Amino acid sequence: MTGPLPDPFADQPDWAPQPPRPLAIVPATERVELRGRRVLVGLPGLGWRGDLRADDRVVQSARTYVPVIPEHEWYRAEAEQVEVFAPLVPVERVWVETVGSRPGVDGTRDKGIRDKGIRLVSLDGPAHRTPTTVFEADAVTGRRVVHVEGGLEHRDLRAVTETYSGAEGDICVRVTPEVEWYRWAWRGQSPTTLEVPVHLLWIE
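Residues numbered from 1 in each chain as written. Predicted model: local features only at pLDDT ≥ 70, side-chain atom pairs only at ≥ 80, totals over all residues. Heavy atoms only, no water.

Colleague: Is there a simple way to think about the side chain of E204 in this case?
Modeller: Turning to its location among the elements, E204 is positioned in the segment after β14 (201-203). Assessed through its relative accessible area of 15%, E204 is described here as buried. Reaching out from E204, the side chain makes a polar contact with the side chain of R144 at a distance of 2.9 Å. A polar atom in the side chain of E204 sits 2.5 Å from the side chain of R155. With residues near it in sequence (within four places) discarded, E204 still touches L23, R38, H128, R144, V145, V146 and R155. (Helix = DSSP H or I, 4+ residues; strand = E, 2+ residues; numbered from the N terminus. Buried < 20%, exposed > 50% of the residue type's maximum accessible area, 1.4 Å probe, protein only. Polar contact = N/O pair within 3.5 Å; in protein donor to acceptor, adjacent residues only side chain to side chain. Contact = heavy atoms within 4.5 Å.)

Spelled out as structure tokens, the structure:
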């Protein structure tokens, strides 16, 4: 045999898992449901704060506000059915995380994910990075992750370990549902975890 060896993936250009859909950040002034959604608050030109959840809009003195709750408190309120304090933030200072649409596949689907260096953004509104493979992360413990398997996106997960060699030789990370991640803090109750191979895991 004198020719080169055949490429085993030549007929399977999409053998690797597709990345999850990216997050899109939209103003809360748009017609979008708010209850339980992740939100960011802030001012253009100043900065943004995340790890927050919203409740339904309220109107006081002809102004619209959004009750905004730290994410760990929102999970505690939902799980324990307790009242928590929710400051009212003017709706024009609130942005909502939504799941965006998948970019068209043009042979460069990784573009923007593997780009390195400085990324400049506008200060007119909050920005969010495109999903990043766990392979490219410096650290993953505590990060929000998306498990993509069989075309399904499993969100609201947190990584509870760094990468390690699993029992079957795969490089893996253990993940837990986000509610259990926060319950671990407020109750000290260890979470149930799932071992996920890193090629199926993305940082959100």
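Colleague: Whenever I open this one, the packing of aromatic side chains confuses me. Can you help?
Modeller: Within a pair of aromatic rings, the relevant descriptors are the distance that separates the centres and the angle that separates the planes. Under the defined criterion, the tally for this structure stands at four aromatic pairs. Taking the centre distance of 4.8 Å and the plane angle of 70° together, the rings of W48 and W95 count as edge-to-face. Placement of the pair is W48 in strand β3 (residues 47-54) and W95 in strand β7 (residues 94-99), with a sequence separation of 47 residues. Between W181 and W184 the ring centres are 6.0 Å apart and the planes differ by 75°, which places this aromatic pair in the edge-to-face class. (Phe/Tyr/Trp six-rings, centres within 6.5 Å; stacked < 30°, edge-to-face > 60°.)

Colleague: Please explain the pattern of salt bridges as it appears in this structure.
Modeller: A side chain of one charge can pair with a side chain of the opposite charge when the charged atoms of the two come close. Under the counting rule described, the total for this entry stands at 21 salt bridges. For E71, the salt bridge is made with R53, and the minimal N-O distance between the two is 2.8 Å. With E71 in helix α1 (residues 71-80) and R53 in strand β3, this residue pair connects regions lying 18 residues apart in the sequence. Overall, R53 belongs to the buried group, its relative accessible area being 5%. (Salt bridge = Lys/Arg side-chain N within 4 Å of Asp/Glu carboxyl O.)

That's the geometry; what it means functionally is another story.
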